[in-house]
Amino acid sequence: MKQLMMKFTILLAIPVVAIGYTNCSNVAFDNMELSSEEKKLAINQGGIVINDDAAYTNKVDVNLRLIHNSAEEMYITNDPNCESGGQWEAYKPHMEWKLDANNAEGKVFVRYRETGSTEIVSGCYADSIIHDDIAPVVKFGRQAGQFFNTPNFRFEVTYSDNLSGVGNVDCDANALWKKSACNLKQHVLVEGVHTIRASATDRAGNKSEPIDDSFTIDLTKPTVRFVQTPPAITSDSSSTFAFVGEDKLSGVEKYECSVNGGAFAACSSPVTANFPEGDNKYAVRVYDRAGNVSNPATYEWEIDKTAPSVQITKNPPAFSKDPIGNFEFTGKDGGMTITKFECRIGSSSAWTSCNSPHDTVSLPDGTHRLEVRGYDRANNPSSPANYEWTIDTVKPLVVITAGPSGRGRDKNVTFQFNATDPSPSSGIESVSCRHDSGAWESCSNIKSYTNIADGTHKFEVKAKDRAGNESSVVSHSYTIDTQKPVVTITKTPASLTNSNVAPFEFIATDAGGGTIARIECQVDGGGYGTCTSPKTYSNVVDGSHLFQVRAYDDVGNVSDVKSYQWVVDTQGPEINILKRPASVVKKGDPMPIHYQVTDAISGVKTVKCGLNGVLDNCAAELNINLNLEVGEYVSRIEAEDQLGNRTVAEIRWKVEIKAKPVAQNISVNSNNKVDVLVVVDNSGSMEYEQQNMAARFGSLLDKLQGLDWRVGVITTDMDYDSELRWGRLIKMQGTNRYYIDSSMDYAQAKAAFAATVQRPTWEGSSWEQGIRSTYYSIARAVYWNQSDEPNSRNRNFYRDDAAALSVVLVSDAHETYRGAGEDANRPEHLVSLVRDRWPNKAFSFHSIVVKSGDDACLYARPNGLQGNEQYGTHYETMSALTGGVVGSVCAADYSGQLGSIGQATVDQVRSATLDCAPLDTNGDGKPDVQIITSNGAAAPGYSVSGLKITFAANLPPGANELKYSCLAD
């Protein structure tokens, strides 16, 4: 770098200053007695000073200091002789003055005198100052804004001034350097933009405008990329390259390019040039304005000017009736298969893109030429491959020129015919003939047949051209008649009928093509007579009959006789009862039935028999011995013959019971403990019902007030959820226990139940088994290993000393037996389990289900959810056995039926389970039970539902005896 040089120009001005009286007292000429010579000497002791003796000023307005101790007047002028340009005025030591100079030395002159004196006048005193209002000139030693690719840097700044000379210089740089009077030494600079500012002030106080230099240190290579290149493979020798360079600091200065590894030379984008056939390589590099050069960007491509070849491998025949031609073709470029093709039909058509296989458009009749050419990857076209063929879709024409006509008896015939092919013609290839739908055979223009059979015959001829077009079949019909007519019976009575009216219809035709002269009929050999169709016979008697008919043609040929035989049967089968029960039979005694059914004419078709209106198919002879329950019975036999004639027979009798006496003891404890088990269906269709149960369960709990109650919850799931299945009690939500009871806060108990009973419906099995789940819930408590936690929780719920157990089930299905089912699914086994474990505990099973026959409930979709599943028949049976309440799962509000279940649960404290269903022995329509109380007091009233007996008042504590009758085994 050049060393920074500073130039200074100094102009020295030496003023003429009169030396005044510096150490003397003021002298007043009026008070002194001085001679004229002394006064002249005194007046010459004065002077003038400009701007306090400053050497330079940049203003024309200056301050004069006028020095004299005795002068009374002064004359200030720019005239060096002090003779013009001014005026005498009273002396004063200071005054402002405008120089008569611009950027030059300015002088001011003065002389002093006594007032009005022309003799006591001083000499002409002067002082000078250089006026300079032009600022110094500051320059950098190189061009501003340059770029450099080295971090080592030195500056050169020059300063000059035309008059007063440079008095002070200022330099300011960015934070990388220190301000040092523009004496900048060499520095190592980082990459980026740097700035320096310089200015100067001359000795007259003029300051130059600062000059700035921003320069860039760029140490990073630029980059270059192609924005346009030729295809990777091309047939064009001329290729164009466009490229763009990028540099973030100094910017792009120039490009250099290289072809196929040659030397780099200056270039600019875009570049278009011709290149040799084969593989080529183009490279470009870029320089930035700091002199950095990029890595080259390169592009390789191939120039291929050799044409490929195309071959048609599949084409239509030379003559074709298909307006669409089917072609296949292949192309090769050296050893490579080409995939780009163009096709056209005829040399005047435009080429269009196509692929193999290629179907032409539908073409008109005539000769056509397909041309196909291929292109290699460089888009070089092949020479066209071509194929020419003729499309002929016009059928040939055939005309029969001679042959037999109408009906005739000559059995030898000859036909003559001609075949032509209209234009555009591919020519007749063959002519074929056949007679009476026989096989087609080759023929020319004449064909003969001999010994033709009677009847109508047809000769047919057709032709085919070389394009495969077949003419329409041309036919000629004729008749040879030596045949007798034919009679056909078209309508008859059924071969076996219960109608004595016999309708017949028939037609007669002449096989030889003649006309029918007359028709004759007879029945059962009674003699022929002329008849017409239809012919009806009335009052036909039961039995077998024969109808016969014949016809004559117009030449006297008589047909063969046609016959029809039918049977008339108007009577039903005969029912013979051979053995029957007595009119009154004791249950268990023999009840024989033996009958036979026969029909002499048409035969027995069906026999139905059965009891009390329920009939089923039976044998024509049946011998059985029934064993029926108590009741009145009607055995009905209905027989029908093949014609629908029916006969009915009935046998009536009555079965009476055989009863057995039962004595049962009921031990009563004085307590009001009730255990309530809620079984909730947690399958996918139960969301709405669970919500209803949760919202209204308080209706049940309200009824239990005053009792020592507890409530637990299980699900119908026996398959899926390992925590909930197999009768495991569910932990009550918001508590740390598996049941709620009467000791809890009432609101808390209802909230816990509501949260628990609403199970996620996706967690449950769709095989609902509420009875089985209840069975296993109790079995866990009373029989299974109590060390198992689920068994322990169940054991803690069921109380042996509870007066009653009430089960409340909510489901929209019936009990689902898996496979053949098991005993635990059956209602009577659940009843036996409870009775065996707790003989004196009242037990009831309440069901909120789809009631049998309630189709509206079965197909209901509450709140848009899926419909219900099945009638709850098994649960209804369970409730009937135990006197439980049956409610509807579709009820809009469960309050009423839950209240009824609650009341029934309260009634259980006054209920018991009977060993068997008691009979109505006195005929009043109600089961009869005798109650013998433990203390001999009068027995309370009672009601019986299934196996459950409920007393109107509590039985006294102790053993109470019940006596009743049940059906004998």
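1. Quick look at the side chain of Asp 599
Now for step 1: Relative to the assigned elements, Asp 599 resides in the loop between strand E52 (591-598) and strand E53 (604-611).
Now for step 2: At 3.4 Å, the side chain of Asp 599 forms a polar contact with the backbone nitrogen of Ile 601.
Now for step 3: A polar side-chain atom of Asp 599 sits 2.9 Å from the main-chain amide nitrogen of Gly 603.

2. Side note on the pairing of strand E36 (residues 413-420)
Now for step 1: Examined bridge by bridge, strand E34 (residues 397-402) and E36 share five bridges and lie antiparallel to one another. Each bridged residue has a counterpart across the sheet, and for Ala 402 the counterpart in E36 is Gln 416.
Now for step 2: Looking at chain direction, E36 and strand E39 (residues 446-449) are connected through four bridges and run antiparallel. Looking at the pairing, Gln 416 lines up with Ile 446 of E39.

3. Brief notes about the packing of helix H5 (residues 770-782) against helix H6 (residues 789-797)
Now for step 1: H6 packs onto H5 with a crossing angle of 90° between their chain directions and a minimal axis gap of 7 Å. As judged from the angle between their axes, H5 and H6 are roughly perpendicular. Here Ser 777, Arg 780 and Ala 781 of H5 lie close against H6, whose contacting residues are Pro 790, Asn 791, Asn 794 and Arg 795.
Now for step 2: For the contact of H5 with H6, a count of residues per class yields two nonpolar, three polar and two charged.

4. Topic: the packing of aromatic side chains
Now for step 1: Considering all chains together, one arrives at 38 aromatic pairs under this definition.
Now for step 2: Centroid distance Phe 241 to Tyr 299: 6.0 Å. Interplanar angle 70°. Geometry classified as edge-to-face. Taken together, the positions of Phe 241 in strand E19 (residues 238-246) and Tyr 299 in strand E24 (residues 297-303) put the pair 58 residues apart, joining distant regions of the chain. In this structure, Phe 241 and Tyr 299 share a single accessibility class: buried.
Now for step 3: When the ring of Phe 504 is compared with that of Tyr 537, the centres are 6.1 Å apart and the planes differ by 75°; the resulting orientation is edge-to-face. Taken together, the residues span a long stretch of sequence, with Phe 504 in strand E44 (residues 502-510) and Tyr 537 in strand E47 (residues 535-537) at a distance of 33 residues.
Now for step 4: Overall, Phe 504 belongs to the buried group, its relative accessible area being 1%.
Now for step 5: Three or more aromatic residues link up through ring pairs in this structure, and these residues are Phe 226, Phe 241, Phe 243, Tyr 255, Phe 275, Tyr 282, Tyr 299 and Trp 301.
Now for step 6: Residue placement shows Arg 113 over the ring face of Trp 88; its charged tip is 4.1 Å from the ring centre.

5. As for the confidence of the model for the chain
Now for step 1: Confidence in the prediction for the chain averages 84 pLDDT; 90% of positions are at 70 or higher.
Now for step 2: Averaged over each element, pLDDT in the chain is lowest for strand E14 (residues 187-188) (64) and highest for strand E17 (residues 223-228) (95).
Now for step 3: The low-confidence segment residues 175-181 (pLDDT under 50) makes 16 contacts with residues lying over four places distant or belonging to another chain.

6. Observations regarding the state of the cysteines
Now for step 1: With the rule as written, the count across this model stands at eight disulfides.
Now for step 2: A sulfur-sulfur separation of 1.9 Å characterises the disulfide bridge that pairs Cys 916 with Cys 966. As the torsion about the S-S bond is roughly 85°, the Cys 916-Cys 966 disulfide counts as right-handed. Taken together, the residues Cys 916 in the loop between strand E65 (911-913) and strand E66 (929-932) and Cys 966 in strand E69 (residues 958-967) connect sequence positions 50 residues apart.
Now for step 3: A relative accessible area of 15% places Cys 916 in the buried class.

7. What about the packing of helix H7 (residues 827-837) against helix H9 (residues 873-882)?
Now for step 1: For the pair H7 and H9, interaxial distance at closest approach is 9 Å and the crossing angle is 40°. Judged by the angle between their axes, H7 and H9 are oblique. When the axes of H7 and H9 are compared, the crossing they make is right-handed. When H7 is examined against H9, the residues Pro 827, Glu 828, Leu 830 and Val 831 are found in contact with a partner set consisting of His 874, Thr 877, Met 878, Leu 881 and Thr 882.
Now for step 2: Residue composition of the contact of H7 with H9, by class: five nonpolar, three polar and one charged.

8. Examining the sheet that holds E36
Now for step 1: Pairing in this open sheet of three strands is antiparallel, and the strands run E34-E36-E39 from one edge to the other. In this open sheet, the two edge strands, each paired with only one partner strand, are E34 and E39. For this sheet, the mean angle separating the axes of adjacent strands, direction not counted, is 30°.

9. Digging into the side chain of Gln 522
Now for step 1: With respect to the helices, strands and loops of the structure, Gln 522 is situated in strand E45 (residues 516-523).
Now for step 2: Only 3.0 Å separates the side chain of Gln 522 from the backbone nitrogen of Gly 527, close enough to count as a polar contact.
Now for step 3: Filtering out sequence-adjacent residues up to four positions away, Gln 522 remains in contact with Gly 527, Tyr 528, Leu 546, Phe 547 and Gln 548.

10. As for the environment of Gly 106
Now for step 1: As for its placement among the helices and strands, Gly 106 is situated in strand E7 (residues 105-113).
Now for step 2: The exposure class of Gly 106 is buried, given its relative accessible area of 2%.
Now for step 3: Between the C-alpha atoms of Gly 106 and Ile 50, which are 56 residues apart in sequence, the distance is 9.8 Å.
Now for step 4: When residues no more than four places from it in sequence are discounted, the contact partners of Gly 106 are Ile 50, Ala 101, Asp 127, Ser 128 and Ile 129.

11. A look at unusual backbone geometry
Now for step 1: Between Ser 356 and the following residue, Pro 357, the backbone shows a cis peptide bond with an omega angle of 0°.
Now for step 2: Along the chain, Pro 357 falls in the loop between strand E30 (352-354) and strand E31 (358-359).
Now for step 3: Despite not being glycine, Ser 437 has its phi angle at roughly 60°, a positive value.
Now for step 4: Examined against the element boundaries, Ser 437 turns out to sit in the loop between strand E37 (428-435) and strand E38 (441-442).

Criteria and thresholds
Residues numbered from 1 in each chain as written. Predicted model: local features only at pLDDT ≥ 70, side-chain atom pairs only at ≥ 80, totals over all residues. Heavy atoms only, no water. Helix = DSSP H or I, 4+ residues; strand = E, 2+ residues; numbered from the N terminus. Polar contact = N/O pair within 3.5 Å; in protein donor to acceptor, adjacent residues only side chain to side chain. Pairing = 2+ DSSP bridges. Axes fitted to C-alpha atoms, helices over the stretch in contact; angles between N-to-C directions. Parallel < 35°, antiparallel > 145°, perpendicular 65-115°, else oblique. Contact = heavy atoms within 4.5 Å. Nonpolar A, V, L, I, M, F, W, Y, C, P; charged D, E, K, R; others polar. Phe/Tyr/Trp six-rings, centres within 6.5 Å; stacked < 30°, edge-to-face > 60°. Buried < 20%, exposed > 50% of the residue type's maximum accessible area, 1.4 Å probe, protein only. Lys NZ or Arg CZ within 6 Å of the ring centre and 35° of its normal. pLDDT = per-residue confidence, 0-100. Disulfide = S-S within 2.5 Å. Left-handed = near helix turned anticlockwise from the far one by under 90°.

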